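For reference, the chains in residue letters:
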Amino acid sequence: MKKTLLFTLLLISFFACKTKDVPRGPIADHAMVVSAREEASEIGLEILKKGGNAFDAMIATKFALAVSFPFAGNIGGGGFLVYRLRDGTTGTLDFREKAPLAATKQMYLDSLGEVIAGKSTTGASAVGVPGSVAGMFAAHKKFGTLPFNTLIQPAIDLAKKGVVVTQKQANSLNYYRDKIVEVSGDTILFANQFVAKDTIKYQSLARTLELIRDHGQAGFYQGEIAEKIVDFIKFNGGIISLKDLKQYQAIWRDAVEFKYKDLKIISMGPPSSGGITLAQIMKMVAPYSIGDFSHNGTEHIQLLTEAQRRAYADRAYFLGDPDFVHVPQHQLIDQEYLRKRMKSFSFDTATSSSDVGHGAIEILEHDQTTHFSIVDPMGNAIAVTTTINGAYGSKLYSEELGFFFNNEMDDFSVKPGTPNMFGLTGGQANSIAPEKRMLSSMTPTIVEKDGALSMTLGTPGGSTIITSVAQTMLNVYEFDMGMQQAVDAPRFHHQWLPDEVLMEPNGFDSLTIQTLKNKGYKIKHGQSRIIGKVDGIYVLPDGRLEGGADRRGDDTAVGF
């Protein structure tokens, strides 16, 4: 009896020490904002301190990122919002860009039906109708509590005061400078060379934001700004019209909700592929005791890779804008269907992507993004992912208006079967049509456990977004990591085609890599694209909030 009691006490002591020793990110008692820039996070937090809710803070943070993070923060792009109110009510807002009215299915193909290199990725021809500003006004109308002027003013002040360049931002600006100059000329603000600690003032953007402040949504989609946008785009060879801008509307949609063991996961539905593809991956993994595997060991990587392979094959075939195509959501995330999808999986050898097409379902018919997460003192939580697609979007910058335009048209299947800039292969469901919203990988996600808020998270990373979110959630839930530790852990990615496992450099054991190769996996690592920059918030058992701000960027978590 004494031995049993002693063993029990030692066990309790061991697990208490284990929990205590988990590395943690910043901890806050009441509220937290995590975003790609410290300036934006601080602005969002100030709104919460003034009594604003998560949606107020979201709007302020979003406009602050448009100033401080031109790489992906924007008013010339679009995105998605997933929310959970304190009473458990959930929903999503789709402010994704749209194809212009003059868009055609073959607009990026030559006379022989081949893709014209660069036309869907660079310059005015690549620009979709932006939705970011409309999204913020839609959110404010439904959930905002503070005046919109109060929420946008900090971004205006920041633009006038200027933003201090970090080393990582200087590296980014200088890396893309030649491409930006090639598209937009050598007289623009971003034609300059920048070094760390420079201050960049955005006077033109400040004026544009003032017009939005003074005239509301119409201040961007009608009147002076709209006319300048259309003239600028058309002068540079694009097709956006005043009618395109005037009739743009953000859309409230139902969330994709599913169970993973005792978690309820709430994510974005089409035209984002994020929620459905995430659900497929997590539900294919669920029957296995993944937490018993070595983290980032051979079995862990194999299981997730094979689930990713099958989910991305379905993504390519079935998913598109639900206002234009039928998306068989319920069938795609049905547990029996997913069990059949994994039937060919074996730990002994890799499955070939050539043997994994889309599943048998009967139907009736980008890398440079930014994410931020917010939890307010009332218990409301939001996850927002927004983008202009490529780094600095289409590289088309309006000196007069002060912002970059997106290159979201490349997220359509320009030619079904031909990969886009992120290597994603698409099908007819995501072909171009006027006013259609292009398929996205953005995966803003909120997690509940036992009916209470547990996590809010998301990431940039193009095609790697979905797999980065999945791995981060599994790191916390299955491998008992803190949010910061989970965010910082090395990540890997498979997207069906090309048939290779992309691994972050210097993050994986050489023996594990060789074992995977011996099993038939093609490994790509070394100097490769960053696999996401996750920003998340985790609710600790005592109710406090832990922020996870990705080490791969200048991301910052702040709270009170």
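Residues numbered from 1 in each chain as written. Predicted model: local features only at pLDDT ≥ 70, side-chain atom pairs only at ≥ 80, totals over all residues. Heavy atoms only, no water.

Detailed reading of the predicted coordinates is not advisable wherever pLDDT falls low. For the chain, mean pLDDT is 92; residues scoring 70 or higher make up 91% of the total. Of the regions scoring below 50 in pLDDT, residues 1–19 engages in 1 contact with residues more than four places distant in sequence or in other chains. Of the regions scoring below 50 in pLDDT, residues 361–366 engages in 20 contacts with residues more than four places distant in sequence or in other chains. (pLDDT = per-residue confidence, 0-100. Contact = heavy atoms within 4.5 Å.)

Moving on, we come to the environment of Val-539. Summarising the element assignment, Val-539 is placed in strand 19 (residues 535–539). For Val-539, a relative accessible area of 19% translates into the label buried. With 83 residues separating them in the primary sequence, Val-539 and Thr-456 have C-alpha atoms 9.0 Å apart. Not counting the four nearest positions on each side in its chain, Val-539 is found in contact with Leu-453, Ser-454, Arg-544 and Leu-545. (Helix = DSSP H or I, 4+ residues; strand = E, 2+ residues; numbered from the N terminus. Buried < 20%, exposed > 50% of the residue type's maximum accessible area, 1.4 Å probe, protein only.)

Inspection of the entire model under this criterion finds 29 salt bridges. Close ionic contact of Arg-24 with Glu-546 constitutes a salt bridge, the shortest N to O distance being 2.9 Å. Residue Arg-24 is classed as partly exposed on the basis of its relative accessible area of 34%. Of the charged contacts in the structure, one is a salt bridge between Asp-411 and Arg-96, with a shortest N-O distance of 2.7 Å. For Arg-96, a relative accessible area of 0% translates into the label buried. (Salt bridge = Lys/Arg side-chain N within 4 Å of Asp/Glu carboxyl O.)

Turning our attention to the nonpolar core. Residues Met-58, Ile-75, Phe-190, Leu-209 and Ile-382 are the most contacted members of the largest nonpolar core, which totals 90 residues. The greatest single-element share of this core, amounting to 11 residues, is contributed by helix 3 (residues 54–68). By size, the runner-up hydrophobic cluster in this structure holds 63 residues, among which are Val-327, Tyr-337, Val-469 and Val-534. (Core = buried A, V, L, I, M, F, W, Y, C linked by side-chain atoms within 4.5 Å.)

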